[in-house]
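Observations on the model geometry
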Amino acid sequence: MASARTLLNRAWIGGKWVEAVSRTRYPVYSPSNMEMIAEVPDMGPDDAQLAIKEAHSSQKAWASLTSKERAAALRRWHDLIVQNKDDIARTVTLEMGKPYAESKIEVLYGAAYTEWFAEEAKRIYGDVIPPFVNDRRLLVIKQPVGVAALVTPWNFPVAMMLRKVAPALAAGCTTVVKPSDESPLSVLELAKLSHEAGIPPGVFNVLTASRESTPALVQALTSSELVAKLSFTGSTAIGKVLMSQCSQTIKRISLELGGNAPLIVFNSADVKVAVRGAIASKFRNTGQTCICPNRLLVQSGIHDEFVEKLSEAVSQLRIGDPFEEGMQQGPLVNQMAVEKVERHVSDATSKGSEVVVGGTRREDLGGWYYQPSVLTKVNTDMLFSREETFGPVAPIIRFEDEEEAIALANATTYGLAGYCFTRDPSQIWRVSEGLETGIVGVNEGAISSEVVPFGGIKQSGIGREGSKYGINDYLNLKYICMGNIEQ
């Protein structure tokens with residue numbers, strides 16, 4: 001699967017591989033060497049309508065299956081994904097540049113959602129409510145919302161797609177998936193495996209489109225009265241646009257949007273644990289995750305020691321060809337991503353920040369690479385404090401006390417994730433409860449799992465994915481009142 005000749009390169013609608021109605025295509029490039037690796041259909045509103053029609057026409061039959069039958073199909077899909085994990089991971093690395101070892105972890109992480117929601121399908125319980133009149137019986141049942149449009153990002157093309165599709169299918173919904181223009185190829189491989197797993201035609205559809213064609217295609221999804229639900233992972237700016245569009249037909253929405261995560265290191269922290277957590281959270285996927293710490297807040301008493309040890313660890317990160325064994329940092333996804341990192345670093349250094357490690361693009365490597373970096377003397381006037389960097393740069397802000405740390409951490413419109421490192425039990429509770437985020441990692445940088453709810457507050461989104469709560473976003477509650485029951 002690592003060559004353009006073997007990659008799947010058509011969209012998946014109604015159980016068939018199809019071209020765009022317009023017969024146009026667009027190229028997909030590898031960020032590690034900037035070479036074209038495939039061309040896929042450049043679809044638009046007409047293609048979206050075809051996919052919606054297929055999803056709508058198949059939804060009642062899919063929902064009429066028993067939960068055990070839907071669970072069995074999801075379990076077969078999970079097993080096939082695991083069996084093909086190496087090939088899928090190669091495609092992920094090829095199309096978005098993630099180190100191959102990380103891509104294999106992502107595939108298994110994504111598959112875990114399929115396994116989890118296969119089980120949750122059998123636990124969609126209703127309620128019996130004590131009646132308010134003796135001759136009545138009051139019931140609550142849960143039913144699938146219908147057709148779900150799922151718009152997924154490039155940074156975790158497998159995991160983010162499965163985290164949305166698995167609960168939707170488990171609930172009895174059918175789906176129309178629009179993967180990122182940067183990384184559609186691995187999603188097409190999952191479509192092939194869904195067919196092999198016996199998921200019926202029309203239940204899972206995949207549309208591909210270029211960056212230029214995507215807005216019109218997605219608007220066709222958001223404006224359709226046949227689409228009952230939208231789930232989107234991406235920037236807050238785009239999320240606001242989609243939220244507005246969905247308001248015209250009052251759709252159910254789930255939005256997992258931007259972040260500006262703080263990572264707080266207190267004087268009482270174990271420095272080795274804090275450095276290990278910072279590396280795991282900040283430099284995973286070359287800093288291109290929505291829960292990456294965007295600001296490292298370090299208390300003055302431990303600041304110099306932490307900076308020294310973090311800088312040493314960052315300087316030892318291996319950067320280069322993501323297929324090379326032992327490589328820890330690959331390229332950023334495209335030129336715009338590199339330019340944004342450069343803009344943030346340039347802004348900081350122009351305002352007094354100092355580069356301790358890195359701070360430069362790695363043009364010698366031939367792709368969109370940026371050297372893993374550490375900056376000190378960062379303050380709240382810099383772009384790092386206001387914008388999500390999405391790159392391998394750790395900006396460090398010094399603080400004096402807990403009150404200041406929490407104020408700095410919450411001084412943002414975002415509220416996805418936050419981290420704190422301390423060995424003080426009381427401080428752990430105060431900070432965990434005081435952070436205005438949907439997720440908190442305490443003395444730990446790796447916090448994601450299928451068993452926990454993932455999502456943010458403030459302008460970081462609406463709804464939760466994963467865990468026992470994740471399936472609820474794809475279900476409607478229906479109250480049934482049975483009256484005139486003879487006593």
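Details of the structure are given in the entry above.
Being a predicted model, the structure only gives us computed values, none of them experimental.

**Comments concerning the overall build of the chain**
- When helices and strands are counted, the chain shows 13 helices and 22 strands.
- Against the compact-globule benchmark of 23 Å for 487 residues, the chain has a radius of gyration of 23 Å, which places it among compact chains.
- Projected onto the principal axes, the alpha-carbon positions of the chain cover approximately 75 × 60 × 40 Å.
- Expressed as a percentage of the 487 residues in the chain, the buried residues total 56%.

**Overview of the packing of aromatic side chains**
- This model, assessed by the stated rule, comprises 6 aromatic pairs.
- Residues Tyr-100 and Phe-323 carry aromatic rings whose centres are separated by 6.1 Å and whose planes lie at 35° to one another, so their mutual orientation is tilted. You can see Tyr-100 sitting in helix 4 (residues 100–120) and its partner Phe-323 sitting in the loop between helix 10 (300–315) and helix 11 (335–350), a full 223 residues away along the chain.
- On the basis of relative accessible area, Tyr-100 is assigned to the buried category, the value being 15%.
- Taken together, a centroid distance of 5.6 Å and an interplanar angle of 80° make the contact between Phe-266 and Phe-399 edge-to-face. Of this pair, Phe-266 sits in the loop between strand 12 (261–265) and helix 9 (271–282) while Phe-399 sits in strand 16 (residues 393–399), and the two are 133 residues apart along the sequence. For the pair Phe-266 and Phe-399, one class covers both residues: buried.

**Focus on the pairing of strand 7 (residues 147–151)**
- Strand 7 sits mainly inside the fold: 5 of its 5 residues count as buried.
- Alternating positions in strand 7 separate into two faces, Val-147, Ala-149 and Val-151 on one and Ala-148 and Leu-150 on the other, with burial throughout.
- The pairing of strand 7 with strand 8 (residues 174–178) spans 5 bridges and is classified as parallel. By the bridge assignment for strand 8, Ala-148 is matched with Thr-175.
- On the question of chirality, the crossover connecting strand 7 to the parallel strand 8 by way of helix 5 (residues 157–171) is right-handed.
- Inspection of the sheet shows strand 7 paired to strand 10 (residues 227–233) by 5 bridges, in the parallel sense.

**Remarks on the sheet that holds strand 18 (residues 417–421)**
- Strand order in the open sheet made by the 7 strands is 14-15-16-13-12-18-19, with mixed pairing throughout. Bordering the open sheet on either side are strand 14 (354–357) and strand 19 (439–442), each of which pairs with just one other strand. On average, adjacent strands in this sheet sit at an angle of 25° to one another, irrespective of strand direction.
- Across 3 bridges, strand 12 lies against strand 18 in parallel orientation. Bridge pairing in strand 18 links Val-265 to Phe-421.
- Those strands touched by helix 10 are strand 12, strand 13 (293–299), strand 14, strand 15 (373–376) and strand 16, and its axis lies near 135° from that of strand 13.

**A closer look at the state of the cysteines**
- Under the criterion given, the structure shown has 0 disulfides.
- With no disulfide of its own, Cys-292 has Cys-290 as its nearest cysteine by sulfur position, at a separation of 8.2 Å.
- Here Cys-420 stays free of any disulfide, with the sulfur of Cys-292 as its closest cysteine sulfur at 18 Å.
- Relative accessible area serves as the criterion here: at 0%, Cys-420 is assigned to the buried category.

**Quick notes on the sheet that holds strand 22 (residues 475–482)**
- Taken together, the 3 strands give an open sheet; going across it, the order is 5-6-22, and neighbouring strands pair in antiparallel fashion. Here the strands that pair on one side only, and so sit at the sheet edges, are strand 5 (127–129) and strand 22. Within the sheet, the average angular offset between the axes of one strand and its neighbour, ignoring direction, is 25°.

**Re the side chain of Thr-208**
- Structurally, Thr-208 can be placed in the loop between strand 9 (204–206) and helix 7 (214–223).
- Here Pro-41 takes part through its backbone oxygen, which lies 2.6 Å from a polar atom of the side chain of Thr-208.
- Every residue in contact with Thr-208, bar those within four places of it in the chain, is listed here: Ala-11, Tyr-26, Val-40, Pro-41, Asp-42, Met-43, Pro-184, Leu-188 and Leu-217.

**Side note on the packing of helix 4 against helix 5**
- With their axes 8 Å apart at the nearest point, helix 4 and helix 5 run at an angle of 5° to one another. Between helix 4 and helix 5, the angle falls in the class roughly parallel. Residues Glu-106, Val-107, Tyr-109, Gly-110, Ala-111, Tyr-113, Thr-114 and Phe-117 of helix 4 lie in contact with helix 5, whose contacting residues are Pro-157, Val-158, Ala-159, Met-160, Leu-162, Arg-163, Ala-166, Pro-167 and Ala-170.
- Broken down by class, the residue content of the contact of helix 4 with helix 5 amounts to 13 nonpolar, 2 polar and 2 charged.

**Brief notes about the environment of Cys-173**
- Among the structural elements, Cys-173 can be located in the loop between helix 5 and strand 8.
- Relative accessible area serves as the criterion here: at 0%, Cys-173 is assigned to the buried category.
- Residues Cys-173 and Gln-335, spaced 162 residues apart in sequence, show a C-alpha to C-alpha distance of 37 Å.
- When neighbours within four sequence positions are excluded, Cys-173 is seen to be in contact with Gln-59, Trp-62, Pro-144, Val-145, Gly-146, Ala-168, Val-203 and Tyr-474.

**A word on the pairing of strand 12**
- Counting buried positions along strand 12 gives 5 out of 5 residues, so the element sits mostly inside the fold.
- Here strand 12 shows a buried face lined by Ala-261, Leu-263 and Val-265 and a second buried face lined by Pro-262 and Ile-264.
- Here 5 bridges tie strand 12 to strand 13, and the two strands are oriented parallel to one another. Bridge pairing links Leu-263 to Leu-296 in strand 13.
- On the question of chirality, the crossover connecting strand 12 to the parallel strand 13 by way of helix 9 is right-handed.

**Describing unusual backbone geometry**
- Its identity as a non-glycine residue notwithstanding, Asn-285 has a phi of 55°, on the positive side.
- With respect to the helices, strands and loops of the structure, Asn-285 is situated in the loop between helix 9 and strand 13.
- Taking the relative accessible area as the measure of exposure, Asn-285 reaches 0% and is therefore buried.
- Phi at Ser-467 takes a positive value of approximately 70°, unusual for a residue other than glycine.
- Looking at the element boundaries, Ser-467 is found in the loop between strand 21 (461–462) and strand 22.
- Taking the relative accessible area as the measure of exposure, Ser-467 reaches 1% and is therefore buried.

Conventions adopted
Residues numbered from 1 in each chain as written. Predicted model: local features only at pLDDT ≥ 70, side-chain atom pairs only at ≥ 80, totals over all residues. Heavy atoms only, no water. Helix = DSSP H or I, 4+ residues; strand = E, 2+ residues; numbered from the N terminus. Rg over C-alpha atoms; globule rule 2.2 N^0.38 Å. Buried < 20%, exposed > 50% of the residue type's maximum accessible area, 1.4 Å probe, protein only. Phe/Tyr/Trp six-rings, centres within 6.5 Å; stacked < 30°, edge-to-face > 60°. Pairing = 2+ DSSP bridges. Right-handed = clockwise from strand over helix to strand, strands pointing away. Axes fitted to C-alpha atoms, helices over the stretch in contact; angles between N-to-C directions. Contact = heavy atoms within 4.5 Å. Disulfide = S-S within 2.5 Å. Polar contact = N/O pair within 3.5 Å; in protein donor to acceptor, adjacent residues only side chain to side chain. Parallel < 35°, antiparallel > 145°, perpendicular 65-115°, else oblique. Nonpolar A, V, L, I, M, F, W, Y, C, P; charged D, E, K, R; others polar.

Keep in mind these values describe shape, not function.
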